[in-house]
Amino acid sequence: MGKDKVVIATVTTIVLSAIIFGILMAYRTYKLPMPVENIDDMINILKYDKYNDENFRMVRLSIYNELTRSCKMKDVKTGEIHRFTKEELEEIYNAIGGKEAVIEYLNSIENEEQKRKELEYACYTLKIITSDELAEIWKHR
């Protein structure tokens, strides 16, 4: 009977330790700085779209969403880390046009096949709109 209790306690300790370790590693990975080749170039990409390309706007918003997880970028070449303030993040969001501009673009697409592809790309690949928003936009075609 004593051996059973020791085995149960050991197994319980191992399982709980593994769960806690997994949670800590997931949180650490989630909060790590976004790795980029050049911080200044990435900030310029996020703030300025000289081609006024709506598809590129969606990609920029996806990158912005990734950045807002940790609010930090790390230059992989130099190791420099840039922390973003709320004002800087708001400035980038406004420069992109926000989610509203993307939804407006998706609503404005006339070709149904192209609209379907863009909606799926925005929802499943870039994850900038939810499946409920996808259904709402598709319903109003």
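For the structure, check the block above.
Residues numbered from 1 in each chain as written. Predicted model: local features only at pLDDT ≥ 70, side-chain atom pairs only at ≥ 80, totals over all residues. Heavy atoms only, no water.

Digging into the nonpolar core
Of all hydrophobic cores here, the largest spans 27 residues; its most connected members are Met58, Leu67, Met73, Leu106, Ile128 and Ile129. When residues of this core are traced back to their parent elements, those giving at least two are strand 1 (34-36), helix 2 (39-47), helix 3 (54-70), helix 4 (86-96), helix 5 (98-108), helix 6 (112-125) and helix 7 (131-139). Filtering out sequence-adjacent residues up to four positions away, Leu106 remains in contact with Met58, Lys115, Glu118, Leu119, Ala122, Ile129 and Ile137. (Core = buried A, V, L, I, M, F, W, Y, C linked by side-chain atoms within 4.5 Å. Buried < 20%, exposed > 50% of the residue type's maximum accessible area, 1.4 Å probe, protein only. Helix = DSSP H or I, 4+ residues; strand = E, 2+ residues; numbered from the N terminus. Contact = heavy atoms within 4.5 Å.)

Section: helix 2
Considered for burial, the residues of helix 2 that qualify are Ile39, Met42, Ile43 and Leu46. All buried residues of helix 2 fall inside an arc of 100° around its axis, so they share one side. As for helix 2, its buried residues are in contact with strand 1, helix 3, strand 2 (72-75), strand 3 (81-83) and helix 4. With a side-chain oxygen lying 3.0 Å from the backbone nitrogen of Asp40, the N-terminal cap of helix 2 falls on Asn38. (Arc of directions from axis to C-beta. Polar contact = N/O pair within 3.5 Å; in protein donor to acceptor, adjacent residues only side chain to side chain.)

Focus on a nonpolar patch on the surface
A contiguous nonpolar patch, built from Val7, Val11, Val15, Leu16, Ile19 and Ile23 and spanning about 530 Å² of accessible area, is present on the exposed surface. Checked against the element boundaries, Val7 lands in helix 1 (residues 2-31). (Patch = residues over 30% accessible without salt bridge, like charges linked within 9 Å, V, L, I, M, F, W, Y side chains within 5 Å. Areas by Shrake-Rupley, 256 points an atom, 1.4 Å probe, with all protein chains shown as cover. Salt bridge = Lys/Arg side-chain N within 4 Å of Asp/Glu carboxyl O.)

Looking at the packing of aromatic side chains
In this structure the tally under the stated criterion is one aromatic pair. Taking the centre distance of 5.4 Å and the plane angle of 45° together, the rings of Tyr64 and Tyr93 count as tilted. One end of the pair, Tyr64, is in helix 3; the other, Tyr93, is in helix 4, with 29 residues separating them in the sequence. With a relative accessible area of 10%, Tyr64 lands in the buried category. (Phe/Tyr/Trp six-rings, centres within 6.5 Å; stacked < 30°, edge-to-face > 60°.)

Some thoughts on the pattern of salt bridges
Summed over all chains, the structure comprises nine salt bridges. A salt bridge links Arg116 to Glu113; the shortest N-O distance between them is 2.5 Å. Of this pair, Arg116 and Glu113 are both found in helix 6, three residues apart, which corresponds to roughly one turn of the helix. A relative accessible area of 32% places Arg116 in the partly exposed class. Ionic pairing is found between Arg116 and Glu120, a salt bridge with its closest N-O pair at 3.1 Å. One end of the pair is Arg116 and the other is Glu120, both in helix 6 and four residues apart, which spans about a single turn. On the accessibility criterion, Glu120 (35% relative accessible area) is partly exposed. When salt bridges that share partners are traced, they join Glu113, Arg116 and Glu120 into one network.

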